[in-house]
Amino acid sequence: MASYVHKTLIAGEHILYETKISQWTQLPMVLLGVILLPVFGIGLICWIIAYVRYKTTEMAVTNKRVVAKFGFIGRRTIEMNLSKVVTIEVSQGILGRIFGFGSLIVSGSGVTQEPVPGVENPMEFRRQVMEAQDCLQSRA
């Protein structure tokens, strides 16, 4: 089954970098599942929620835009042209630094700010966006 990012590529567009949310960000829900498993199997629901959240979150940098997709039944997407990305702020706490995850805030021209929480290896994502922008500017 093709991912959302692959299905929405336009002519001449290709993926430069893909990532997901970190499995570590799902740890609280998994632990809650362990605690609640004896309570009528409610813990199993917590595990399913964590799994679905992990599997249905996609992020990518293409040669034309930055794309993020969240959700399975209710879907939320963020798509921003590379030329419109002004800054990418990375926020990592201590656990994020240790386990390699953090939140990104993608700011576009104007006042657009799109938070993307729990990204695996956010510094690499930011680097890939910056390199893609450099390539885009050098071709112009």
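The paragraphs below set out a description of the structure included in this document. Not measured: the values here are computed from a predicted model. (Residues numbered from 1 in each chain as written. Predicted model: local features only at pLDDT ≥ 70, side-chain atom pairs only at ≥ 80, totals over all residues. Heavy atoms only, no water.)

**Description of the packing of helix α2 (residues 27–36) against helix α3 (residues 42–55)**
Relative orientation of the contacting elements α2 and α3 amounts to 165°, with a least axis distance of 6 Å. It follows from the interaxial angle that α2 and α3 lie roughly antiparallel. For the element pair α2 and α3, the recorded crossing hand is left-handed. Contact residues: Met29, Val30, Leu32, Gly33, Val34 and Leu36 in α2; Ile42, Gly43, Cys46, Trp47, Ile49, Ala50 and Arg53 in α3. (Axes fitted to C-alpha atoms, helices over the stretch in contact; angles between N-to-C directions. Helix = DSSP H or I, 4+ residues; strand = E, 2+ residues; numbered from the N terminus. Parallel < 35°, antiparallel > 145°, perpendicular 65-115°, else oblique. Left-handed = near helix turned anticlockwise from the far one by under 90°. Contact = heavy atoms within 4.5 Å.)

**Remarks on the sheet that holds strand β1 (residues 15–19)**
Read from one edge of the open sheet, four strands run β1-β2-β3-β4, paired in antiparallel fashion. The open sheet has two edge strands, β1 and β4 (76–81), and neither has a second partner. Neighbour to neighbour, the strand axes of the sheet diverge by 10° on average, direction disregarded. Where strand β2 (residues 58–62) lies against strand β3 (residues 65–70), four bridges are found, and the strand directions are antiparallel. Residue pairing for β3: Met59 is matched across the bridge by Ala68. (Pairing = 2+ DSSP bridges.)

**Observations concerning the pattern of salt bridges**
Pairs can form between side chains of opposite charge once their charged atoms are near each other. Here the structure, examined in full by the defined rule, presents five salt bridges. One salt bridge connects Arg65 with Glu13, and the closest N-O pair in it is separated by 2.7 Å. With Arg65 in strand β3 and Glu13 in the loop between α1 (4–7) and β1, this residue pair connects regions lying 52 residues apart in the sequence. Among the residues examined, Glu13 registers a relative accessible area of 8% and is labelled buried. Note that Arg127 is salt-bridged to Glu131, the shortest N-O span being 2.2 Å. Placement of the pair is Arg127 and Glu131 together in helix α5 (residues 122–139), with a separation of four residues, close to one helical turn. A relative accessible area of 36% places Arg127 in the partly exposed class. Through salt bridges that share partners, Glu13, Arg65 and Glu79 make up one connected network. (Salt bridge = Lys/Arg side-chain N within 4 Å of Asp/Glu carboxyl O. Buried < 20%, exposed > 50% of the residue type's maximum accessible area, 1.4 Å probe, protein only.)

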